[in-house]
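Given next are the chains, with one letter for each unit.
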Amino acid sequence: MVNQQRQPICGASWWWLPIMLLLAISQTTGATPPSNDDWWQRTVFYQIYPRSFMDSNGDGVGDLRGITSRLEHLKDAGIGATWLSPIFRSPMVDFGYDIADYTAIQPEYGTMEDFEALLAEAKRLGIKIILDFVPNHTSDQCEWFRRSVAREHPYTDYYVWQDGRVDPNGNGTARLPPNNWQSVFYGSAWEWSELRGEYYLHQFAKGQPDLNYRNPAVVAEFDDVLRYWMERGAAGFRVDAINHMFEHPDFIDEPINNPEDPNSYGYTHHIYTKDLPETYDVIAHWRTVLDDFARQKGSDAIIMMTEAYANLTMTLRFYESDDGKQQRAHFPFNFVMIEELGENSNARDFKRVIDRWLGNVPRGKTTNWVLGNHDKPRVASRYGVERIDGMQLMLLTLPGVAVTYNGDEIGMIDHRDISYEDTLDPQGCNLGPEGYRWASRDPQRVPFQWDDTYNAGFSRAPRTWLPVHPYYRQTNLLKQQEAEYSHYKFYLDAVAMRKDRVFTHGEFKSHAFGDGVFAFVRYLRENEDRMDDPYRVVLINFYGERTTIDVNDLYEIRNQTQVYLVGTESRHKVGHLLTAKEVTLGPWDSIVLGPVSSGGRAVLAFGLLVLAVVKSFLF
């Protein structure tokens with residue numbers, strides 16, 4: 001067993017050990033990664049939900065000036081790029097994902113001048129700005145849609161229009177939806193337009209009509225939108241709901257999946273409305289638009305990351321064509337930690353899912369890891385507060401890009417007790433007072449908790465757009481900044497540690513110690529004696545039980561290993577030397593081990609010398 005606390009030997013003074021250990025941990029095996037990497041490949045991306053980040057004018061809604069005023073927080077946290085959920089003009093039926101004008105700023109968020117000021121401050125701080133790109137649908141208040149309803153050229157076929165089916169119980173008037181397709185937000189995916197005399201498709205809210213990507217003019221419109229924002233300094237785009245872009249041209253009924261509720265999205269298998277192969281060609285086309293622009297301007301790479309809740313095969317095809325000749329997104333979001341793993345997952349589950357993902361990513365491509373976003377319950381609520389550090393450690397030390405949702409760095413939890421009267425999300429509202437609670441996305445969208453003052457420091461308004469979490473005084477950034485150690489300080493340490501080349505370029509191997517401890521090693525092959533190679537071993541105990549493991553089952557270590565990072569639940573201390581064959585993890589423990597540094601070896605040698613001297617006096 002590991003001796004958790006060092007005790008004085010025969011009354012000798014050991015006051016010098018902490019000083020020596022501090023010297024030891026200041027020495028690393030790392031170096032600056034090679035300069036031939038693109039800027040995005042090893043960075044931490046941070047998603048900002050603008051309505052809930054910071055309100056600068058006291059109207060209860062977050063805005064661009066508020067974001068600008070808080071960019072120092074991102075800099076302090078080691079963030080390299082921030083993705084902003086939509087900031088474009090919108091009637092806010094789906095809070096920005098229903099866009100009325102793709103080249104205008106939503107007035108309650110500010111002006112174009114405010115956006116330019118944000119870009120300037122971000123550039124000063126070395127932070128890239130990524131914009132949300134929503135090509136599947138527009139708002140029904142978009143000028144394109146209004147003119148399409150009126151059948152004005154060239155907008156007549158900008159959207160997906162269909163005649164209705166004849167109602168066999170009616171008078172022969174075609175007013176039934178064209179088929180059995182449902183909306184993600186519940187109910188039919190078709191809405192009747194009295195003016196046009198046809199149904200339009202909306203795979204989300206009825207205020208979000210789907211665009212017709214079989215019309216080349218629609219693709220060209222979005223080419224121009226991309227160029228417009230690249231000219232203004234956007235460093236990339238997150239492409240929303242991309243796998244809904246195409247539908248079967250014959251509008252065939254989908255096969256029944258769960259017949260219990262014909263209005264539910266789970267009623268059918270979505271084989272004709274999702275993941276159609278034409279989608280990948282449009283993504284490849286937009287990749288060319290981005291690459292050509294960056295080449296002509298001589299700028300850094302302008303990236304595209306795609307959002308698609310799809311199976312492994314369909315998701316990985318967003319990287320490139322099967323033959324590798326057609327390049328598509330720089331990376332598709334990897335949602336395995338959201339969709340496939342949760343609070344009931346054990347160490348073996350994590351190993352299986354993570355190894356499978358890494359084993360299938362195309363050669364030469366950069367992977368990524370996502371723990372949370374504005375659409376899914378927060379990591380602390382989904383996995384449990386005891387696992388916060390372990391999940392963040394995994395996110396930040398696995399190979400590739402890491403994506404953090406604002407608030408997860410301090411362990412914010414969902415405000416699941418929002419009343420139906422305060423609920424705004426259409427996904428929840430559509431299910432009524434009885435069904436909204438677990439369907440609504442509002443609980444993970446409540447304002448950021450900056451401090452313990454009024455409205456958690458988010459706004460001076462008497463009422464915020466969504467209610468602030470009632471426990472914000474217990475969990476907020478300022479409190480965690482002032483604490484001796486906290487989830488936030490652990491997050492900072494993990495982000496700083498991931499810059500070491502053993503994490504940016506090291507190889508990967510994982511191991512499950514039973515069901516409780518998930519472990520992996522990142523290592524470099526640099527020395528003739530493999531025992532001298534740089535390595536970091538990440539150990540995460542998912543259970544509330546103490547356990548002792550032999551790290552050599554994962555990675556062979558010569559006797560001693562050194563603690564480089566510990567979670568808030570750990571009794572270990574940074575700099576401690578442990579015996580690799582007997583590493584004891586406490587309940588919910590998260591630690592990182594590495595080679596004994598030169599300072600650590602000096603401490604060990606000096607300690608043995610002093611011990612020998614003490615023994616000589618005693619014996």
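Described below are features of the structure shown in this document.

What counts, and where the lines are drawn
- Residues numbered from 1 in each chain as written.
- Predicted model: local features only at pLDDT ≥ 70, side-chain atom pairs only at ≥ 80, totals over all residues.
- Heavy atoms only, no water.
- Salt bridge = Lys/Arg side-chain N within 4 Å of Asp/Glu carboxyl O.
- Buried < 20%, exposed > 50% of the residue type's maximum accessible area, 1.4 Å probe, protein only.
- Helix = DSSP H or I, 4+ residues; strand = E, 2+ residues; numbered from the N terminus.
- Pairing = 2+ DSSP bridges.
- Contact = heavy atoms within 4.5 Å.
- Axes fitted to C-alpha atoms, helices over the stretch in contact; angles between N-to-C directions.
- 1 Å grid on protein atoms, 1.4 Å probe; cavity = no way out; pocket = protein on both sides within 12 Å on 5 of 7 lines; lining within 4 Å.
- Points joined across faces, edges and corners; volume = space filled by probe spheres on them.
- Nonpolar A, V, L, I, M, F, W, Y, C, P; charged D, E, K, R; others polar.
- Expected span 1.5 Å × (residues − 1).
- Polar contact = N/O pair within 3.5 Å; in protein donor to acceptor, adjacent residues only side chain to side chain.
- Right-handed = clockwise from strand over helix to strand, strands pointing away.
- Lys, Arg positive; Asp, Glu negative; His and termini not counted.
- Parallel < 35°, antiparallel > 145°, perpendicular 65-115°, else oblique.
- Left-handed = near helix turned anticlockwise from the far one by under 90°.
- Phe/Tyr/Trp six-rings, centres within 6.5 Å; stacked < 30°, edge-to-face > 60°.
- Lys NZ or Arg CZ within 6 Å of the ring centre and 35° of its normal.

The next subject is the pattern of salt bridges. Side-chain pairing between opposite charges can occur once the charged atoms of the two side chains come close. Applying the stated criterion to the full structure yields 36 salt bridges. Put simply, arginine 238 and aspartate 240 hold a salt bridge, and the shortest N to O gap is 2.9 Å. On the basis of relative accessible area, arginine 238 is assigned to the buried category, the value being 1%. Between glutamate 339 and lysine 376 there is a salt bridge, and its shortest N-O distance comes to 3.4 Å. With glutamate 339 in helix α9 (residues 336-339) and lysine 376 in the loop between β14 (368-370) and α11 (379-383), this pair connects stretches of sequence that are 37 residues apart. Looking at lysine 376, the relative accessible area reads 22%, which means it is partly exposed.

Quick look at the sheet that holds strand β11 (residues 236-239) now. Spatial strand order, β13-β12-β11-β5-β2-β1-β15-β14: eight strands in an open sheet with parallel pairing. Each end of this open sheet is capped by a strand with a single partner; those strands are β13 (331-332) and β14. Where β11 and strand β12 (residues 303-306) come together, four bridges link them in parallel fashion. Bridged to phenylalanine 237 within β12 is methionine 304. Contacting β1 (44-48), β14 and β15 (401-405), helix α12 (residues 388-397) runs over the sheet at an angle of about 140 degrees to β15.

Another aspect to go through is the pairing of strand β10 (residues 198-201). Two faces belong to every sheet, and in a regular strand the side chains alternate between them. Across the two faces of β10 the burial is the same, with Glu198 and Tyr200 and Tyr199 and Leu201 all buried. Strand direction decides the pairing type here: strand β9 (residues 190-193) and β10, joined by four bridges, are antiparallel. Looking at β10, one finds that glutamate 191 is bridged to tyrosine 200. Where β9 folds back on β10, the antiparallel hairpin that results is connected by four residues, among which glycine 197 adopts a positive phi of roughly 80 degrees.

To continue, consider the layout of surface pockets. Taken as a whole, the largest pocket holds about 920 Å³ of empty space. Along the wall of the largest pocket there are 36 residues; nearest its centre are Tyr309, Asp375, Lys376, Gln427 and Arg441. Going through the elements one at a time, α11 and α14 (432-439) are the ones with two or more residues in the lining of the largest pocket. Among the elements that take part in the lining of the largest pocket, α11 stands out by supplying three residues, more than any other. The residue makeup of the lining of the largest pocket, split by class, is 15 nonpolar, nine polar and 12 charged.

For the rest of this paragraph, the subject is the sheet that holds strand β6 (residues 161-162). Strand order across the open sheet formed by three strands is β6-β10-β9, with antiparallel pairing between neighbours. Sheet topology places β6 and β9 at the edges, where each strand pairs with a single neighbour. Bridging between β6 and β10 involves two bridges; their strand directions are antiparallel. Residue pairing in the sheet places glutamine 162 in a bridge with tyrosine 199 of β10.

As a further point, take helix α10 (residues 347-360). Taking 1.5 Å per residue as the helical rise, α10 with its 14 residues ought to reach 20 Å, and the 20 Å between its terminal C-alpha atoms agrees with that figure. Regarding α10, its N-cap is asparagine 346, as a side-chain oxygen of that residue lies 3.0 Å from the backbone nitrogen of arginine 348 further along.

Attention now moves to the pairing of β12. The alternating pattern of β12 places Ile303 and Met305 and Met304 and Thr306 on opposite faces, both of which are buried. Read as a crossover between parallel neighbours, the route from β11 over helix α7 (residues 278-297) to β12 is right-handed. Inspection of the sheet shows β12 paired to β13 by two bridges, in the parallel sense. Each bridged residue has a counterpart across the sheet, and for methionine 305 the counterpart in β13 is phenylalanine 331.

A word on the side chain of aspartate 389. For aspartate 389, the location among the structural elements is in helix α12. Lacking a salt bridge, the buried aspartate 389 has arginine 387 as its closest oppositely charged neighbour, with an N-O distance of 12 Å. Dropping the residues within four chain positions of it, aspartate 389 is found in contact with His487, Phe490, Gly567, Thr568, Glu569 and Ser590.

What follows deals with the packing of α12 against helix α16 (residues 487-497). Between α12 and α16, the least distance of the axes is 9 Å, while the angle of their chain directions is 20 degrees. The orientation of α12 with respect to α16, classified from their angle, is roughly parallel. Crossing of α12 over α16 shows right-handed handedness. Residues Ile388, Asp389, Gln392, Leu393, Leu396 and Thr397 of α12 touch α16, and the partners they reach there are His487, Phe490, Tyr491, Ala494, Val495 and Met497.

Applying the stated criterion to the full structure yields 46 aromatic pairs. With a centroid separation of 5.6 Å and 65 degrees between ring planes, the pair formed by phenylalanine 53 and phenylalanine 448 is classed as edge-to-face. Of the two residues, phenylalanine 53 sits in the loop between β1 and α2 (64-69) while phenylalanine 448 sits in the loop between α14 and α15 (477-482), which places them 395 residues apart along the sequence. As far as the burial class goes, phenylalanine 53 and phenylalanine 448 line up, both buried. With a centroid separation of 5.7 Å and 40 degrees between ring planes, the pair formed by tryptophan 181 and phenylalanine 251 is classed as tilted. Note that tryptophan 181 is positioned in the loop between β8 (174-176) and β9 and phenylalanine 251 in the loop between β11 and α7, a separation of 70 residues in sequence. Clustering of aromatic rings is evident, with ring pairs tying together Tyr102, Phe133, Trp144, Tyr155, Tyr158, Tyr213, Phe222, Phe237, Phe246 and Trp286. Positioned above the aromatic ring of tryptophan 39 is the side chain of lysine 128, whose terminal nitrogen or guanidinium carbon lies 5.2 Å from the ring centre. Its guanidinium or amino end placed over the ring of tyrosine 564, arginine 536 lies 4.2 Å from that ring's centre, counting from NZ or CZ.

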